[in-house]
Amino acid sequence: MCYNTGEGTKKENRAMKTKPTAIVYVSNTGRTARYARMIGEKTGLPVYELTDARKGLPKKTPIIYCGWLMATSVKDYRKAARRYTVAALCGVGLCPTGELLTEVRKATGLPAETPLFTLQGGMDRAALTGIYGSMIDFLIKSMEKKKDPSEKDAAMLEMLKAGGDFVSEENLGAFLGWYDSL
């Protein structure tokens, strides 16, 4: 399964059937922005960067929030959730689409009734801003020290070193299925 919603009360489930009216995102290397725009094209919803959303969206607007994954945390999710009603969360990161759902839900404190989707983005170390490039360098060094890396670990290490772009409409399948069901 590529997303999970948990089991909420009838009232919570009805609330989540309200269609979001906008997409709000934060991006570091551009992959999350690309997914947000793809979702906007597929749904017809307006797309806002989080910093610009304050100008265009009132508080409590139901939104789809897209943020990049840093470990298992979705960047600025809590900031968005304080201002808007997050109807669904999309985390964009290195992991394959649909993985790390339990870990991301726990790390973000995402309510069980809110749909969660993880989307594989990719890696471009040159595009990383701030301390994030150094963090990836540290991760590479620690992964290289693993004695018996799994195939998954080896693939992740290769992507960290060589980079790659995995943004695709195909990765939106589960998300679009959820959205179309509203």
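Refer to the structure presented above.
First, a word on what this report is: a plain description of the structure on this page.

Cut-offs applied
Residues numbered from 1 in each chain as written. Predicted model: local features only at pLDDT ≥ 70, side-chain atom pairs only at ≥ 80, totals over all residues. Heavy atoms only, no water. Patch = residues over 30% accessible without salt bridge, like charges linked within 9 Å, V, L, I, M, F, W, Y side chains within 5 Å. Areas by Shrake-Rupley, 256 points an atom, 1.4 Å probe, with all protein chains shown as cover. Salt bridge = Lys/Arg side-chain N within 4 Å of Asp/Glu carboxyl O. Lys, Arg positive; Asp, Glu negative; His and termini not counted. Charge placed at Lys NZ, Arg CZ, Asp CG, Glu CD. Helix = DSSP H or I, 4+ residues; strand = E, 2+ residues; numbered from the N terminus. Buried < 20%, exposed > 50% of the residue type's maximum accessible area, 1.4 Å probe, protein only. Phe/Tyr/Trp six-rings, centres within 6.5 Å; stacked < 30°, edge-to-face > 60°. Pairing = 2+ DSSP bridges. Right-handed = clockwise from strand over helix to strand, strands pointing away. Contact = heavy atoms within 4.5 Å.

Moving on: a positive patch on the surface. Taken together, Arg 54, Lys 59, Lys 60, Arg 78, Lys 79 and Arg 82 make up a surface patch of like positive charges. Here the positive patch gets three residues from one element, more than from any other, and that element is helix H4 (residues 77-83). In this structure, Lys 59 sits in the loop between helix H3 (50-56) and strand S4 (62-70). Residue Lys 59 is classed as exposed on the basis of its relative accessible area of 61%.

Before going further, it helps to examine the packing of aromatic side chains. Applying the stated criterion to the full structure yields five aromatic pairs. With a centroid separation of 5.3 Å and an interplanar angle of 80°, the aromatic rings of Phe 117 and Phe 175 are classed as edge-to-face. Of the two residues, Phe 117 is situated in strand S7 (residues 116-120) and Phe 175 in helix H8 (residues 173-180); the sequence distance between them amounts to 58 residues. Comparing Phe 117 with Phe 175, the two get one shared label, buried. Judged by centre distance (5.9 Å) and plane angle (55°), the ring pair of Phe 117 and Trp 178 falls under tilted. Of the two residues, Phe 117 sits in strand S7 while Trp 178 sits in helix H8, which places them 61 residues apart along the sequence. A network of ring pairs unites the aromatic residues Phe 117, Phe 175, Trp 178 and Tyr 179 as a single cluster.

We now examine the pairing of S4. In terms of residue burial, S4 counts as a mostly covered element, since seven of its nine residues are buried. When strand S2 (residues 22-25) meets S4, the two strands line up parallel, connected through four bridges. Along S4, the bridge assignment pairs Val 24 with Tyr 65. Of the pairings in the sheet, the one linking S4 to strand S5 (residues 73-74) comprises two bridges and is antiparallel in character. Each bridged residue has a counterpart across the sheet, and for Met 70 the counterpart in S5 is Ser 73. Following S4, the chain reverses through two residues before pairing antiparallel with S5; Ala 71 in that reversal takes a positive phi of roughly 65°.

So, about the pairing of strand S6 (residues 85-93). In terms of residue burial, S6 counts as a mostly covered element, since eight of its nine residues are buried. Here S4 pairs with S6 via seven bridges, running parallel. Bridge pairing in S6 places Tyr 65 opposite Leu 89. In this fold, S6 hands off to helix H5 (residues 101-108), which returns the chain to S7; that crossover is right-handed.

Mapped onto the elements of the fold, Gly 163 is located in the loop between helix H7 (151-162) and strand S9 (164-165). Sequence-wise, Gly 163 and Lys 147 are 16 residues apart; in three dimensions their C-alpha atoms are separated by 23 Å. Apart from residues lying up to four places away in sequence, Gly 163 is in contact with Met 123 and Glu 158.

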